[in-house]
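# Summary of the model geometry
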Amino acid sequence: MDIDKLKGIIIPMITPFRNGALDRESLEKIVDFASRIGAKGVFPGSSTGCFPLMSFDEQATLISDVSNMIKGNIAFIPGVGRNSVSETVEMARRSENAGADAVVVVTPYYIKMNDVSLLNYFDKIASALGSMSIIMYSIPQLTGNNISPDVAFKIAEKHKNVIGVKDSSGDFRNMAGFLARKPEGFLVFQGQDDLLLQSLKLGADGGVCGTANFTALPAEIYKAYTNGDYGKALEMQNKLTGLMKLLSNFPFPVGFNFLFSKVMYGNDTVGMIPPIASLNEREGAQLYEEANKFLQIL
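The model shown is predicted, which means the values in this text are computed figures rather than measured ones. Every chain's residues receive numbers from 1 upward, in the order its sequence appears when written. Reporting of local features is limited, given that this is a predicted model, to residues whose pLDDT is at least 70; pairs of side-chain atoms are given and counted only at 80 or more, and all residues count toward the totals for whole chains, interfaces and linings. Hydrogens and water molecules were not included; the side-chain quantities draw on all heavy atoms of the structure.

To continue, consider the side chain of S168. Secondary structure follows DSSP: runs of H or I at least 4 residues long count as helices, runs of E at least 2 residues long count as strands, and numbering of each begins at the N terminus. Along the polypeptide, S168 turns up in the loop between β8 (162-167) and α7 (172-181). Type-normalised accessible area, obtained with a 1.4 Å probe on protein chains alone, sets the label of each residue: buried when under 20%, exposed when over 50%, and partly exposed for intermediate values. Residue class for S168 comes out buried when judged on its relative accessible area of 1%. Excluding its chain neighbours within four sequence positions, the residues that come into contact with S168 are Y137, S138, I139, Q141, G191 and Q192. Throughout, a contact is declared for two residues whenever any of their heavy atoms are within 4.5 Å.

On to the sheet that holds strand β10 (residues 206-208). Two strands form a pair only when DSSP identifies at least two bridges running between them. With parallel pairing, 8 strands are arranged side by side in an open sheet as β5-β4-β1-β10-β9-β8-β7-β6. Two strands in the sheet have a free side with no partner beyond their single neighbour: β5 (75-76) and β6 (103-106). Sheet analysis places strand β4 (residues 41-43) next to β5, joined by 2 bridges and oriented parallel. Following the sheet pairing, V42 is matched in β5 by F76.

What follows is about the nonpolar core. Ranked by internal contacts, the top residues of the largest apolar core, which has 91 residues, are V103, M136, F186 and L243. Dropping the residues within four chain positions of it, V103 is found in contact with I77, P78, V80, A92, S95, L129, M132, S133, I134 and I135. Side-chain atoms within 4.5 Å link the members of a nonpolar core, which is a set of buried Ala, Val, Leu, Ile, Met, Phe, Trp, Tyr and Cys residues. Residues F43, I77, Y137 and F189 belong to the second largest nonpolar core, which totals 17 residues.

A few words now on the state of the cysteines. Disulfides are defined as cysteine sulfur pairs within 2.5 Å. The tally for this structure, following the rule as stated, stands at 0 disulfides. The closest cysteine sulfur to the non-disulfide-bonded C50 is located on C209, 18 Å from its own sulfur. Given a relative accessible area of 8%, C50 falls into the buried group.

Turning next to the environment of V66. Relative to the helices and strands, V66 resides in helix α2 (residues 56-67). Along the sequence, V66 and E87 sit 21 residues apart, while their C-alpha atoms lie 20 Å from each other. Dropping the residues within four chain positions of it, V66 is found in contact with M13, L27, V31, V42, P44 and F76.

It is worth spelling out the layout of surface pockets at this point. Taken as a whole, the largest pocket spans an internal volume of roughly 360 Å³. Using only the protein atoms, space was sampled on a 1 Å grid; points where a 1.4 Å probe fits but cannot get out form cavities, open sets with protein on both sides within 12 Å along at least five of seven lines form pockets, and lining residues are those with an atom within 4 Å of a point. Along its surface, the largest pocket is lined by 24 residues, and G191, Q192, M244, F252 and F256 are the ones closest to its centre. Taken together, the elements giving at least two residues each to the lining of the largest pocket come down to α5 (140-143), α10 (230-247) and α11 (254-265). With 3 residues, the single largest contributor to the lining of the largest pocket is α11. Per-class residue counts for the lining of the largest pocket are 13 nonpolar, 9 polar and 2 charged. Grid points are joined across faces, edges and corners, and a volume is the space filled by probe spheres set on the points. Its volume calculated, the second largest pocket comes out at about 210 Å³. What lines the second largest pocket is S47, C50, F51, P52, L53, Y109, I139, L142, T143, F252, P253 and I276. Amino acid classes used here: Ala, Val, Leu, Ile, Met, Phe, Trp, Tyr, Cys and Pro are nonpolar; Asp, Glu, Lys and Arg are charged; the rest, including Gly, are polar. For the lining of the second largest pocket, the residue count by class is 10 nonpolar, 2 polar and no charged.

The next point concerns helix α9 (residues 217-226). Within α9, 8 of the 10 residues are buried, which leaves it mostly tucked inside the rest of the structure. Within α9, the full set of buried residues consists of L217, P218, A219, E220, I221, Y222, A224 and Y225. Tucked inside the fold, the buried residues of α9 contact β1 (8-12), α1 (24-37), α8 (196-202), β10 and α10. Two residues or fewer after α9 comes G228, characterised by a positive phi angle close to 85°.

Below is the structure:
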């Protein structure tokens, strides 16, 4: 695929629920919002969307539903990681049939693996998927497994369908290692919103930013930086950093769902995927009052 289509901001979609069922209206609002703010793609089945809590069929349904909502030039990049190699491959094939531009494959989680095991994992998946474009995803603070630059580039050298990595480790040494050595045609995305501008300065191709579910700040930072308006980019990054610090006071990703609800619906609350509880009234009021300091650019 044309990897330039993916450079910029990608939205790791929340998974909104109402009355115990997937909220398709809210999913469509996120896809529409992506177009409005200039995001490059949407990523259902993300960590922000609590993908590990979904059954295989629920994740497949989510991916199918979002595929039918894609409009214009928005790239469709579903997360297909299932821990099991066979289930991951099957989810990726279903995504390809649904028109995915690429798929995101997270490392296995719960069972800790060394580099040899991680190489085996991604080798099996990349081999099985043939020409389907793959973005590897590292979030070791939740999975227990980190993708090092050595692992990423060994896999990418062997499998041309492995086109990039999303690094959500928050370890800037790891990110710098990716950017210092990344080959031509390989994408590196920052997965931590508060490190977006710093990563762009080092050569990152964009960010996969959870706050882009409800604010244009990440997309505006990318636009300002690529246009050479570094002062504006820094001003907005400072706001985004403040917003991320505020969100860190609440269990991930409950605050993201709540702020999406407030921005898109006012007082109507979009629920979390069961069994996660939404913020209570006091917590929500506190979060929204503080968040208003940062949600000026929508």
